[in-house]
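A closer look at the structure
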Amino acid sequence: MKEQDQTKSTNIKWHNLTIDREKLEKMRGHKGMVIWFTGLSGSGKSTLANALNEVLHLDGFSTYVLDGDNIRHGLCKDLGFSDEDREENIRRIGEVANLFMNAGIITITAFVSPFISDRDKVRKIIGSQDFIEVYCAADITVCENRDTKGLYKKARLGEIKEFTGISSPYEAPHNPEIVVDTGSLDLNDSVEKVINYLKKENFLKKA
Ligand SMILES: Nc1ncnc2c1ncn2[C@@H]1O[C@H](COP(=O)(O)OS(=O)(=O)O)[C@@H](OP(=O)(O)O)[C@H]1O
Ligand SMILES: Nc1ncnc2c1ncn2[C@@H]1O[C@H](COP(=O)(O)OP(=O)(O)O)[C@@H](O)[C@H]1O
């Protein structure tokens, strides 16, 4: 299936655009990048992504959030939660995030993205220098106690199959750029931790 897909692109030629990433970043006054949140369902990815987005937006940065539940309503509505479908989901998001970054946008993503190999593939697409992996490190007990959408309860009852952390694996990152202990830190401190990293590493330098 994969090989066939690759063969389909053989007669396609890349077009270089005159309004390129460099020009778009100059217009926006800052670098494009991808801030990739990963973690269990309920670990705080969406909440933190949204709060970070607000702070950066109010500070004049061009930002956009790609969020798991939303993307699965459209671009990835044909995909389920088997390992293969999750791999394809993350591959598509990685490509979309790359396009947003090339438009000079600070692209914030919030996907469970449970597999190290899939996240590493996205890191390759984006380029390690522009890819900031943020591990929302709330453990399963905290997430299950929160159960914000009632999904853990359903998963325990066997009503949802292949649920991350219960009946499908989650592989925590070995060496993420940022670990946020979203199980014990409050939201403001979590946002601050991410912002401090971005500032320290010069990602938020305005041109
Ligand atoms: N089986 C199973 N496992 C995990 N999550 C499930 C499942 N079924 C539905 N949901 C809901 O879908 C959201 C996860 O979608 P993602 O696209 O982020 O998943 S993945 O990255 O492809 O693994 C996830 O969103 P978050 O709770 O925000 O993480 C859930 O609300
Ligand atoms: N430090 C924190 N960062 C993010 N969310 C937090 C934090 N502390 C508590 N929460 C709460 O945890 C829940 C996380 O839900 P959500 O953001 O939907 O997680 P996810 O997107 O990973 O499924 C929210 O109810 C949020 O208010």
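The model shown is predicted, which means the values in this text are computed figures rather than measured ones. (Residues numbered from 1 in each chain as written. Chains lettered and ligands numbered in written order. Predicted model: local features only at pLDDT ≥ 70, side-chain atom pairs only at ≥ 80, totals over all residues. Heavy atoms only, no water.)

1. Describing the site of ligand 1
Around ligand 1 sit 22 residues in total, of which Ser41, Arg72, Asn89, Ser113 and Glu162 are the nearest. At 2.5 Å from an oxygen atom of ligand 1 is found a side-chain nitrogen or oxygen belonging to serine 41. In this structure, arginine 86 approaches ligand 1 through a side-chain N or O atom, which is 2.8 Å from an oxygen atom. If you list the elements that add at least two residues to the shell around ligand 1, you get helix H3 (45-58), helix H4 (68-71) and helix H5 (83-102). Residue contributions to the shell around ligand 1 peak at 3 residues, all from H5. A breakdown of the residues in the shell around ligand 1 according to their chemical character gives 8 nonpolar, 7 polar and 7 charged. (Near = heavy atom within 4 Å. Polar contact = N/O pair within 3.5 Å; in protein donor to acceptor, adjacent residues only side chain to side chain. Helix = DSSP H or I, 4+ residues; strand = E, 2+ residues; numbered from the N terminus. Nonpolar A, V, L, I, M, F, W, Y, C, P; charged D, E, K, R; others polar.)

2. Here we look at the pattern of salt bridges
A complete count under the given rule lists 13 salt bridges for this structure. For aspartate 118, the salt bridge identified is with lysine 121, shortest N-O distance 3.9 Å. One end of the pair, aspartate 118, and the other, lysine 121, are both in helix H6 (residues 116-126), 3 residues apart, so they sit about a helical turn from each other. Using a relative accessible area of 5% as the deciding quantity, one classes aspartate 118 as buried. When its relative accessible area of 45% is taken as the criterion, lysine 121 is described as partly exposed. In this structure, arginine 123 and glutamate 177 form a salt bridge, with 2.9 Å as the shortest nitrogen-oxygen distance. Here glutamate 177 lies in the loop between helix H8 (151-156) and strand S5 (178-180) and arginine 123 lies in helix H6, a separation of 54 residues in the sequence. Overall, glutamate 177 belongs to the partly exposed group, its relative accessible area being 25%. (Salt bridge = Lys/Arg side-chain N within 4 Å of Asp/Glu carboxyl O. Buried < 20%, exposed > 50% of the residue type's maximum accessible area, 1.4 Å probe, protein only.)

3. What to know about the UniProt feature "transmembrane region" (unreviewed entry) in the chain
According to UniProt, the positions carrying the feature "transmembrane region" (unreviewed entry) are residues 96-116. Regarding residues 96-116, the helix share stands at 38% and the strand share at 24%, and the terminal C-alpha atoms are separated by 19 Å. (UniProt positions renumbered as here; feature names shortened; annotations may be inferred.)

4. A few points about the site of ligand 2
Taken together, 15 residues lie around ligand 2, and Gly42, Lys45, Ser46, Thr47 and Ser190 are the ones closest in. In the model, an oxygen atom of ligand 2 is placed 3.0 Å from a nitrogen or oxygen of the glycine 44 main chain. One of the backbone N or O atoms of leucine 185 is found 3.0 Å from a nitrogen atom in ligand 2. Mapping ligand 2 onto the cavity grids shows that it belongs to the largest pocket. For the shell around ligand 2, the elements supplying multiple residues, two or more each, are H3 and helix H9 (187-200). For the shell around ligand 2, the element with the highest residue contribution is H3, accounting for 3 residues. (1 Å grid on protein atoms, 1.4 Å probe; cavity = no way out; pocket = protein on both sides within 12 Å on 5 of 7 lines; lining within 4 Å. Sits in = over half its atoms within 2 Å of the grid points.)

5. Focus: H6
If you check which residues of H6 are buried, you get Asp118, Arg119, Val122, Arg123 and Ile126. Down the axis of H6, the sector holding all buried residues measures 145 degrees, keeping them to one side. Glycine 127 lies just past H6 and shows a positive phi near 100 degrees. (Arc of directions from axis to C-beta.)

6. Here's the deal with the packing of H3 against H9
Taken N-terminus to C-terminus, the directions of H3 and H9 make an angle of 65 degrees; their axes are 10 Å apart at the nearest point. Crossing of H3 over H9 shows right-handed handedness. Judged by residue contacts, Thr47, Leu48, Ala51, Leu52, Val55 and Leu56 of H3 engage Leu187, Ser190, Val191, Val194 and Ile195 from H9. Tallied by class, residues from the contact of H3 with H9 come to 9 nonpolar, 2 polar and no charged. (Axes fitted to C-alpha atoms, helices over the stretch in contact; angles between N-to-C directions. Left-handed = near helix turned anticlockwise from the far one by under 90°. Contact = heavy atoms within 4.5 Å.)

7. Overview of the packing of aromatic side chains
As enumerated under the stated definition, the model contains 6 aromatic pairs in all. On the basis of an interplanar angle of 40 degrees and a centroid distance of 6.0 Å, the ring pair of tryptophan 36 and phenylalanine 131 is categorised as tilted. Linking tryptophan 36 in strand S1 (residues 33-38) with phenylalanine 131 in strand S4 (residues 131-136), this pair joins segments that are 95 residues apart in sequence. Note on tryptophan 36: relative accessible area 0%, which makes it buried. Judged by its relative accessible area of 1%, phenylalanine 131 falls in the buried class. Relative to phenylalanine 163, the ring of tyrosine 152 has its centre 5.0 Å away and its plane inclined at 80 degrees; by these criteria the two rings are edge-to-face. Residue tyrosine 152 is located in helix H8, and its partner phenylalanine 163 is located in the loop between H8 and S5; the two are separated by 11 residues in the primary sequence. The class of tyrosine 152 is buried, set by a relative accessible area of 2%. (Phe/Tyr/Trp six-rings, centres within 6.5 Å; stacked < 30°, edge-to-face > 60°.)

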